[in-house]
Number of protein chains: 2
Amino acid sequence: MPERVGNQTLNLLSRPAVTGYAAVVGKKEGEGPLANQFDKINEDTTLGELSWEKAESALQKEALTIALEKAGCTAGQIQYVFAGDLLNQCIGSSFGLRDFGIPFIGLFGACSTMALSLALSSILVDSGAATLSAAVTSSHFCSAERQFRYPLEYGGQRTPTAQWTVTGAGAAIIAAQGGGPFVQAVTLGKIVDLGIKDANNMGAAMAPAAADTIQTFLEDTGTRPTDYDLILTGDLGMVGSSLLKELLARENIDISPVHNDCGLLIFDLEEQDVHAGGSGCGCAASVLCSHIFNRMRSGNLKNILFCATGALMSTVSSQQGETVPSVAHLVQIMNQ
Amino acid sequence: MPERVGNQTLNLLSRPAVTGYAAVVGKKEGEGPLANQFDKINEDTTLGELSWEKAESALQKEALTIALEKAGCTAGQIQYVFAGDLLNQCIGSSFGLRDFGIPFIGLFGACSTMALSLALSSILVDSGAATLSAAVTSSHFCSAERQFRYPLEYGGQRTPTAQWTVTGAGAAIIAAQGGGPFVQAVTLGKIVDLGIKDANNMGAAMAPAAADTIQTFLEDTGTRPTDYDLILTGDLGMVGSSLLKELLARENIDISPVHNDCGLLIFDLEEQDVHAGGSGCGCAASVLCSHIFNRMRSGNLKNILFCATGALMSTVSSQQGETVPSVAHLVQIMNQ
């Protein structure tokens with residue numbers, strides 16, 4: 001049963017297990033430093049589909065299918081699937097998951113969706129509302145680029161603060177019983193908006209939300225950054241990661257010895273021309289559901305905080321001169 | 001604690017209470033049959049804002065503010081707000097709720113969002129994860145029309161099957177303690193897609209999802225339609241409501257003596273020129289959070305099923321020739 005700790009944190013007393021997980025990515029991600037961690041690399045990023053949006057749906061389908069296999073269960077046994085993505089009306093998820101026949105809870109958390117879907121799945125399993133739940137999300141460079149920025153053919157120049165949307169999907173199966181890693185606690189975040197308006201600098205917009213959620217979790221649990229092997233942010237990239245450390249340092253919290261960011265891990269920033277790093281729902285999802293969970297299973301990581309951040313804007317809100325409200329959700333995961 | 005009943009239903013043993021609720025609408029809704037039920041009617045549907053999208057956010061803000069007042073609590077006491085809307089990246093919710101400082105769970109369920117947010121809030125309260133949670137959603141005729149269909153100035157002709165997006169928001173406060181009505185059970189639905197492609201006939205696309213969820217709930221609980229005072233669908237309108245009754249009749253389930261639909265209740269279909277009825281997240285939300293909860297508090301309704309339906313499509317999926325996958329979520333509510 002979930003137990004409230006401090007202001008915003010839930011301790012999950014039954015410690016739900018991540019019994020299966022999978023990450024499926026595109027060509028560029030398959031050329032990066034985590035290449036040998038992914039379950040599948042699609043050299044053809046259309047996945048044989050007729051549009052980039054359909055390709056993104058196919059990524060979710062592949063990721064969930066492999067995660068189910070690895071967890072040793074069927075879609076029919078899963079009681080809920082929590083999923084969302086960046087596309088208008090989250091069509092990556094609804095079209096990607098419609099054939100599984102699993103009760104569907106659509107989420108919108110932008111790039112925080114992997115943490116949000118994992119958190120809600122874990123709460124439902126911990127409370128007895130489910131014995132098996134799935135968390136899925138995705139992004140695709142081409143569907144995101146043409147929806148949020150320019151037509152792909154235009155080849156617009158990118159600012160140095162811009163991040164590169166990951167083509168990838170991650171899926172995790174959360175169960176009441178079975179091998180881990182295990183979800184120990186969750187902190188669902190508040191919307192934080194410090195007035196950043198630059199839609200090409202998402203890291204800066206999202207860093208204050210990450211700082212707020214991480215600080216809240218540490219206060220709620222009475223712990224310090226060095227109590228964890230890793231504090232992994234979703235996809236703040238280079239600019240946002242520096243800002244996060246600066247914001248927390250002002251509160252006398254030093255996460256630098258244990259901090260890393262999915263947007264910095266997935267690409268080689270020097271070689272792969274991705275500017276400030278990777279981004280997109282699929283960034284945090286595919287890094288967590290491969291490299292990170294693999295390291296937890298091997299005992300290389302024992303106790304981590306996974307804090308994924310989302311920028312809750314649209315092209316319309318930016319065109320209307322609005323700022324970028326952000327949110328960050330945190331999940332504490334342990335290897336035993 | 002939630003208890004699983006049958007395949008897909010959760011019985012909420014603590015029966016979370018709806019301690020406050022509010023509905024805020026626009027001018028046209030204020031000219032309809034439920035006029036005297038709403039908490040506020042905005043004769044100026046811009047709400048004094050500079051864009052329709054900002055006006056929609058303002059609707060959510062007003063609805064939550066009034067619901068909090070009526071529940072006798074402050075935003076600081078609410079532990080989660082579950083919210084979503086129809087706008088790209090759900091900006092109605094993120095901008096409408098950013099100033100409340102409540103941990104924010106963004107949902108995408110299209111017009112099913114009121115049932116989804118109410119269901120998840122109730123599950124969290126029932127499980128002990130929260131003592132106070134809020135459920136909020138909205139739609140605005142003008143923001144929806146220009147996003148999904150045509151510029152408002154164009155004045156395009158509407159088909160007879162088309163529905164009129166409600167300008168309105170609804171909010172409910174769900175609590176572990178206090179006066180009701182009370183949430184007894186929830187059934188979260190699967191995605192159902194019978195191949196309807198007509199984006200001007202959402203009722204037909206969504207009816208199979210409603211039929212699936214209602215049938216599942218009745219089977220899971222071993223009850224019959226006439227065990228309930230009302231089976232209220234979200235916004236199937238005229239066309240979808242007929243189809244729903246037809247689909248269920250094939251399974252020997254006759255809901256016609258107790259069925260009604262929020263899209264048929266909110267407007268006078270003869271007088272108000274809304275074709276097949278009302279629609280939009282704000283339709284089910286503003287009808288439930290006024291007229292229906294009022295009738296439950298007065299003892300006029302004792303035991304109802306609220307089943308809101310969502311069409312999980314975007315303009316992009318329709319332009320790419322896709323069908324309209326749909327979902328329906330159900331909440332059983334009792335007056336004591």
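Before any of the text, the structure's been laid out above.
The rules behind the values
- Residues numbered from 1 in each chain as written.
- Chains lettered and ligands numbered in written order.
- Predicted model: local features only at pLDDT ≥ 70, side-chain atom pairs only at ≥ 80, totals over all residues.
- Heavy atoms only, no water.
- Helix = DSSP H or I, 4+ residues; strand = E, 2+ residues; numbered from the N terminus.
- Rg over C-alpha atoms; globule rule 2.2 N^0.38 Å.
- Buried < 20%, exposed > 50% of the residue type's maximum accessible area, 1.4 Å probe, protein only.
- Contact = heavy atoms within 4.5 Å.
- Areas by Shrake-Rupley, 256 points an atom, 1.4 Å probe, with all protein chains shown as cover.
- Lys, Arg positive; Asp, Glu negative; His and termini not counted.
- Charge placed at Lys NZ, Arg CZ, Asp CG, Glu CD.
- Pairing = 2+ DSSP bridges.
- Core = buried A, V, L, I, M, F, W, Y, C linked by side-chain atoms within 4.5 Å.

**Looking at the overall build of chain A**
So, point 1. Regarding its fold elements, chain A presents 9 helices and 15 strands.
So, point 2. A globule of 336 residues ought to have a C-alpha radius of gyration of about 20 Å, and chain A, at 18 Å, matches this closely.
So, point 3. Its C-alpha atoms give chain A principal-axis dimensions of roughly 50 × 50 × 35 Å.
So, point 4. When the 336 residues of chain A are sorted by exposure, 67% land in the buried category.
So, point 5. Within chain A, counting contacts between residues at least 6 apart in sequence, those at least 24 apart form 77% of the total.
So, point 6. Surface exposure of chain A reaches about 10700 Å², of which carbon and sulfur atoms provide 47%.
So, point 7. Taking the 20 positively charged and 33 negatively charged side chains of chain A as two groups, their mean positions are separated by 3 Å.

**Describing the pairing of strand β9 (residues 168-175) of chain A**
Successive residues of a regular strand alternate their side chains across the two faces of the sheet.
Residues and elements named next belong to chain A.
So, point 1. Judged by how many residues are buried, β9 sits mostly within the fold: 8 of 8 residues are covered.
So, point 2. By the alternation rule, side chains of β9 split into G168, G170, A172 and I174 and A169, A171, I173 and A175, which are all buried.
So, point 3. Relative to β9, strand β3 (residues 17-26) is paired through 8 bridges, and the arrangement is antiparallel. Across the sheet, V25 pairs through a bridge with G168, a residue of β9.
So, point 4. Examined bridge by bridge, strand β7 (residues 132-139) and β9 share 8 bridges and lie antiparallel to one another. Each residue of the ladder has a partner; that of A134, found in β9, is I173.

**Considering the nonpolar core**
Nonpolar side chains tend toward joint burial in soluble globular proteins.
So, point 1. Grouped together as the largest cluster of nonpolar side chains are 112 residues, with contacts concentrated most on F306 of chain A together with F306 of chain B.
So, point 2. Other than its neighbours up to four places away in sequence, F306 of chain A contacts M114, A115, L118, L232, C262, A284, L288, H329, L330, V331 and I333 of chain A.
So, point 3. Counting residues in each nonpolar core, the second largest holds 76 residues, with V24, A55, I191 and C281 of chain A among its members.

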